[in-house]
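Each chain, letter by letter, is given below.
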Amino acid sequence: MEILLVLGVVIAAGFVLFSLARGLFYFSQGHRAAIDGTVEENQLLQNKMMMARVKWQAITVVLLILIGVFAAGK
């Protein structure tokens, strides 16, 4: 069971990193979006990646808490 939780933490942390990288990419494209007139779309994508990052961070924290609970029970 602990191995599955640790694997889940690693996968969820990977999704956090992926969401962070995509969010930073969209953030870096802000100047180009202003030139192209797609600022609203760019901001929407930035917010979407931020919410995805927060979601995956919460899942990672919950999994870490579960690992701690199972470790304390032994």
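Everything numeric here is computed off the predicted structure, so don't read it as measured data.

### A look at the overall build of the chain
For step 1, the next point in the chain: Summing up its helical and strand segments, the chain has 3 helices and 0 strands in all.
For step 2, the next point in the chain: Overall, the chain shows an N-to-C arrangement of helices and strands of α-α-α.
For step 3, the next point in the chain: The globule rule puts the C-alpha radius of gyration for 74 residues at 11 Å, and the 17 Å found for the chain is more than 25% above it.
For step 4, the next point in the chain: Across its three principal directions, the C-alpha atoms of the chain cover 60 × 15 × 10 Å.
For step 5, the next point in the chain: Out of the 74 residues belonging to the chain, those deemed buried represent 19%.
For step 6, the next point in the chain: A fraction of 75% describes how many contacts in the chain between residues 6 or more apart in sequence connect residues 24 or more apart.
For step 7, the next point in the chain: Total accessible area on the chain stands at roughly 5,500 Å², and carbon and sulfur atoms take up 74% of it.

### A few points about helix H1 (residues 2-28)
For step 1, the next point in the chain: The end-to-end C-alpha distance of H1 is 39 Å, a good match for the 39 Å that 27 residues give at a rise of 1.5 Å each.
For step 2, the next point in the chain: Where H1 is buried, its residues contact helix H2 (30-36) and helix H3 (39-72).

### Description of H3
For step 1, the next point in the chain: In this model H3 runs 49 Å from its N-terminal to its C-terminal C-alpha over 34 residues, within 8% of the 50 Å that 1.5 Å per residue would give.
For step 2, the next point in the chain: Listing the buried residues of H3 in full gives Asn42, Met49, Ala52, Thr60 and Leu63.
For step 3, the next point in the chain: Contacts made by the buried residues of H3 are with H1 and H2.

### Focus: a nonpolar patch on the surface
For step 1, the next point in the chain: On the surface, Leu4, Leu7, Ile11, Phe15 and Phe18 cluster together to form a nonpolar patch covering roughly 510 Å² of accessible area.
For step 2, the next point in the chain: As for its placement among the helices and strands, Leu4 is situated in helix H1.
For step 3, the next point in the chain: For Leu4, a relative accessible area of 60% puts it in the exposed group.

Analysis parameters
- Residues numbered from 1 in each chain as written.
- Predicted model: local features only at pLDDT ≥ 70, side-chain atom pairs only at ≥ 80, totals over all residues.
- Heavy atoms only, no water.
- Helix = DSSP H or I, 4+ residues; strand = E, 2+ residues; numbered from the N terminus.
- Rg over C-alpha atoms; globule rule 2.2 N^0.38 Å.
- Buried < 20%, exposed > 50% of the residue type's maximum accessible area, 1.4 Å probe, protein only.
- Contact = heavy atoms within 4.5 Å.
- Areas by Shrake-Rupley, 256 points an atom, 1.4 Å probe, with all protein chains shown as cover.
- Expected span 1.5 Å × (residues − 1).
- Patch = residues over 30% accessible without salt bridge, like charges linked within 9 Å, V, L, I, M, F, W, Y side chains within 5 Å.
- Salt bridge = Lys/Arg side-chain N within 4 Å of Asp/Glu carboxyl O.

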